[in-house]
Amino acid sequence: MNAPVIVAESPSWQVRLEAPDDFPSVETLNAESFGPGRFAKSAYRLREGVDPVAELSFVAIEDGLLRGSVRFWPISVGGHEELLLGPLAVQTGQRGRGIGIALMLAGIEAARRGPWRGVLLVGDEPYYTRVGFSRLPPGRVKFPGPVDQNRILGLSLKGGEMLTLSGQIRRAKIDHPVTAVGAAVG
Ligand SMILES: CC(C)(COP(=O)(O)OP(=O)(O)OC[C@H]1O[C@@H](n2cnc3c(N)ncnc32)[C@H](O)[C@@H]1OP(=O)(O)O)[C@@H](O)C(=O)NCCC(=O)NCCS
């Protein structure tokens, strides 16, 4: 097996693509970070039955242990396939070490090489502005459920273009039959 490609690192941790073996630890981290209520969120409706984009899923590893994870989901925005950032999570006790920013930057850099025009997320503006996100004008995009309009942030992936994403947000595609259990991943 080829050695994993390290896309960012500090003296002690490395960021690399998520591998199949990371799946259980990423699931545990997300469960610990967001709790069972995560499945009720509007963003999870967009993930239900849909796989995250494998080439944009990154983990931070230190001494063989998972420290953080980010995944991006394909979504349809006004009929175009775009990206939804998240979940992003760093282990409690490991926060404030730059891991969250490094994970996001790894994903954004990889996404710029893909076909997508933009990334959306629902989150705290002061944090995500650090990697270039800004608030979308209220009403520009519509999530499939209640979302605080002030927390909808966007990032244009293609240089110089204004963020023009608008319209109804829907699931991009269905990879797996949807069950009553809800989103099995993320
Ligand atoms: C949000 C989270 C991923 C940040 O990870 P992290 O590795 O601690 O982030 P970084 O070390 O890269 O950045 C830390 C900096 O961002 C700031 N920051 C972190 N969360 C913030 C927030 N919600 N709002 C504003 N600033 C925030 C910190 O104060 C710190 O600032 P400093 O550099 O001036 O000290 C982590 O706190 C976490 O996993 N939280 C629980 C899950 C969650 O809420 N995920 C995001 C929603 S999808």
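Remember, it's a predicted structure, so these values are computed and weren't measured experimentally. (Residues numbered from 1 in each chain as written. Predicted model: local features only at pLDDT ≥ 70, side-chain atom pairs only at ≥ 80, totals over all residues. Heavy atoms only, no water.)

Caption draft 1: How the structure looks around the site of the ligand. Around the ligand sit 16 residues in total, of which Leu88, Val90, Gly96, Gly98 and Asp124 are the nearest. Within the backbone of glycine 96, one N or O atom sits 2.7 Å away from an oxygen atom of the ligand. The separation between an oxygen atom of the ligand and a polar side-chain atom of tyrosine 127 is 2.9 Å. In isolation the ligand offers 910 Å² of accessible surface; the protein chains occlude 63% of this area. Mapped onto the shell around the ligand, the elements with two or more residues apiece are strand E5 (80-90), helix H3 (99-112) and helix H4 (125-128). By residue class, the composition of the shell around the ligand is nine nonpolar, three polar and four charged. (Near = heavy atom within 4 Å. Polar contact = N/O pair within 3.5 Å; in protein donor to acceptor, adjacent residues only side chain to side chain. Areas by Shrake-Rupley, 256 points an atom, 1.4 Å probe, with all protein chains shown as cover. Helix = DSSP H or I, 4+ residues; strand = E, 2+ residues; numbered from the N terminus. Nonpolar A, V, L, I, M, F, W, Y, C, P; charged D, E, K, R; others polar.)

Caption draft 2: Structural view of the environment of glycine 118. On the secondary structure map, glycine 118 appears in strand E6 (residues 118-122). Taking the C-alpha atoms as reference points, glycine 118 and arginine 71, separated by 47 residues in sequence, lie 15 Å from one another.

Caption draft 3: Structural context of the environment of glycine 98. By the element assignment, glycine 98 lies in the loop between E5 and H3. Overall, glycine 98 belongs to the partly exposed group, its relative accessible area being 35%. Remark: the alpha-carbon pair of glycine 98 and glutamate 9, spanning 89 residues in sequence, is separated by 9.9 Å. (Buried < 20%, exposed > 50% of the residue type's maximum accessible area, 1.4 Å probe, protein only.)

Caption draft 4: A look at the pairing of strand E2 (residues 14-17). Pairing of strand E1 (residues 6-9) with E2 involves three bridges; the strand directions are antiparallel. Pairing of alanine 8 across the sheet is with valine 15, part of E2. By the bridge criterion, four bridges tie E2 to strand E3 (residues 58-62) in an arrangement that is antiparallel. Note that in E3 the partner of leucine 17 across the bridge is phenylalanine 58. (Pairing = 2+ DSSP bridges.)

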